[in-house]
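# Overview (structure and organization)
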Amino acid sequence: MNDKGIPMRSSVPTYENRVLSAYEGEILGEEFFGVLAQKADSDQSRVKLRNLATIERLVAEALLPVITRYKLQPNSRVLLAEKGRDESVEYAELAWTEFAVKLKRLLEPFVREFETLLVEAPVEDQPYIQLLLDHEIALFAFAQAEGEESSDGQIHLDNFLQRHKALLRNAS
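The shown structure was predicted, so the numbers you read here are calculated from the model rather than taken from an experiment.

### Observations regarding the overall build of the protein
Helix and strand counts for the protein come out as 7 helices and 0 strands. In the protein, the succession of helices and strands from N to C terminus is α-α-α-α-α-α-α. In summary, the protein has a C-alpha radius of gyration of 15 Å against a globular reference of 16 Å for 172 residues, a match within 12%. In the protein, which comprises 172 residues, the proportion classed as buried is 48%. As presented, the protein carries roughly 8600 Å² of accessible surface, and 52% of it is formed by carbon and sulfur atoms.

Next comes the structure, spelled out in C-alpha cells:
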C-alpha cells in the first residue's frame, strides 16, 4: 500500500509507480475535497473545497498522457473514491482553521516527493511533473494561509490555475 492506502503494483518504488501513485492520489483527492465540500457548514468553505476538488481533477486529467505513455493501470475510480471518502472522515468535523493546519501537514511530504519526482522525470514528462509539483505547492500555500496566517488562500489556487492554464485546458 502507498501512503494513501492504495495497493502498489511493486515493492520497488519506480518512477512509473510513483507517477501512478500521484495520479491515483489526485483522483482520491478530488473525492476527498468533494465530500468535505458537501459537508461544509459555510458557503465560503464549500466554494474553496469545490475549487480544491476541481484542481485535483484537472491535475489528474493533465497527467493522463504520462499514464498512457507508460501504459500504467490505475486502480478503479470506485476504489480511489472510496479511499477519498474514508480519508475525509477525520477532517469533516474540524473547524476550518484546524482543517487547514491538518491539511498542510498532510501535503508537506507530497511536496518533497514531487520535487524528487521532477528531478527524475524524463524531459517529455517534466511539464506534467512540474504541474503536479506546482499544484501541491499551491495547495500547501493555500492551507498555510487559511490555517496559520488567517488570510484567504484562494490567491494561491488562482495563481496556480493562471500559470498552468494552457496545460490544464488541454486536459479538460
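### Digging into the packing of helix H2 (residues 43-69) against helix H6 (residues 154-163)
With their axes 11 Å apart at the nearest point, H2 and H6 run at an angle of 25° to one another. When the interaxial angle is binned, H2 and H6 end up roughly parallel. With respect to the hand of their crossing, H2 and H6 are arranged in left-handed fashion. Between H2 and H6, the residues in contact are Lys 48, Asn 51, Leu 52, Ile 55, Leu 58 and Val 59 and Gln 154, Leu 157, Phe 160 and Leu 161, respectively. In the contact of H2 with H6, the residues fall into 7 nonpolar, 2 polar and 1 charged.

### Things to note about helix H3 (residues 77-92)
Across its 16 residues, H3 extends 22 Å between first and last C-alpha, which sits within 8% of the 22 Å expected from 1.5 Å per residue. Listed as buried for H3 are Leu 80, Ala 81, Gly 84, Ser 88 and Tyr 91. Buried residues in H3, looked at end-on, bunch into an arc of 95°, giving them a common side. Structural note: H3 exposes Val 78 and Val 89 on the side pointing more than 90 degrees away from its buried face. Each element contacted by the buried residues of H3 is listed here: helix H1 (15-39) and helix H4 (96-120).

### A short note on the environment of Leu 49
Mapped onto the secondary structure, Leu 49 falls in helix H2. For the pair Leu 49 and Gly 34, spaced 15 residues apart in sequence, the C-alpha separation works out to 6.7 Å. Look past the residues within four positions of Leu 49 in its chain and what remains in contact with it is Phe 33, Leu 36, Ala 37, Ala 40, Trp 96 and Phe 99.

### Points about the side chain of Glu 56
Tracing the backbone through its elements, the reader meets Glu 56 in helix H2. Taking relative accessible area as the criterion, Glu 56 reaches 4% and is therefore assigned buried. Side chain to side chain, Glu 56 and His 135 meet in a polar contact 2.8 Å long. Ignoring anything within four residues of it in the chain, the contact list for Glu 56 reads Gly 25, Glu 26, Gly 29, Glu 30, Phe 33, His 135 and Leu 139.

### Thoughts on the nonpolar core
Membership of the largest hydrophobic core comes to 48 residues, with the highest contact counts inside it found for Phe 33 and Leu 49. Among the elements of the structure, H1, H2, H3, H4, helix H5 (126-147), H6 and helix H7 (165-171) are those that each provide at least two residues to this core. No other element matches H2, which puts 11 residues into this core.

### Brief notes about the packing of aromatic side chains
On inspection of all chains with the given rule, the structure shows 7 aromatic pairs. If you follow Lys 102 out to its NZ or CZ, it ends over the ring of Tyr 91, 5.2 Å from the centre.

### Examining H5
Between the first and last C-alpha of H5 there are 31 Å, a value that for 22 residues agrees with the 32 Å anticipated at 1.5 Å per step. Of all 22 residues in H5, 17 are buried; the element is thus mostly enclosed.

### Points about the environment of Gly 34
Position of Gly 34 relative to the elements: it lies in helix H1. With relative accessibility at 23%, the residue Gly 34 sits in the partly exposed group. Considering only alpha carbons, one finds Gly 34 and Leu 52, 18 residues apart in sequence, at a separation of 8.2 Å.

Conventions used here
Starting afresh in each chain, residues are numbered from 1 along the sequence in its written order. Per-residue local features of the predicted model are confined to residues with pLDDT of at least 70, and side-chain atom pairs are confined, for both listing and counting, to 80 or more; whole-chain, interface and lining totals are unaffected and use all residues. Calculation of side-chain values draws on the structure's entire complement of heavy atoms; hydrogens and water are dropped beforehand. Each helix is a run of H or I in the DSSP string that is no shorter than four residues. Each strand is a run of E no shorter than two, and both are numbered from the N terminus. What the globule rule says is 2.2 Å times the number of residues to the power 0.38, and the radius of gyration is computed from C-alpha atoms. Accessible area is worked out with a 1.4 Å probe on protein chains only. A residue is then buried under 20% of its type maximum, exposed over 50%, and partly exposed in between. Throughout, the Shrake-Rupley method with a 1.4 Å probe supplies accessible areas, and for residues the shown protein chains are the sole cover considered. The convention used is that axes are lines fitted to C-alpha atoms, helices contributing only their stretch in contact, and that angles between N-to-C directions extend from 0 to 180 degrees. Orientation is classified from the angle alone, with under 35 degrees giving roughly parallel, over 145 giving roughly antiparallel, 65 to 115 giving roughly perpendicular, and any other angle giving oblique. It is the rotation of the near helix from the far one that decides the hand of a crossing: anticlockwise by less than a right angle makes it left-handed, clockwise makes it right-handed. Contacts: residue pairs with any heavy atoms within 4.5 Å of one another. When residues are sorted by character, Ala, Val, Leu, Ile, Met, Phe, Trp, Tyr, Cys and Pro go into the nonpolar class, Asp, Glu, Lys and Arg into the charged class, and all the rest, Gly among them, into the polar class. One fewer than the residue count of a helix, multiplied by 1.5 Å, yields its expected span. The arc refers to the directions leading from the helix axis to the C-beta atoms. We call two N or O atoms a polar contact when they sit within 3.5 Å, provided that within protein one can donate a hydrogen and the other can accept it, with sequence-adjacent residues counted only if both atoms are side-chain atoms. Buried residues of nine kinds, namely Ala, Val, Leu, Ile, Met, Phe, Trp, Tyr and Cys, make up a nonpolar core once their side-chain atoms join them within 4.5 Å. A pair of aromatic rings is counted whenever rings of Phe, Tyr or Trp (Trp by its six-membered ring) have centres within 6.5 Å, and the orientation is called stacked for planes under 30 degrees apart, edge-to-face for over 60 and tilted otherwise. Comment: the charge-over-ring label is applied if NZ (Lys) or CZ (Arg) is within 6 Å of the ring centre and within 35 degrees of the ring normal.

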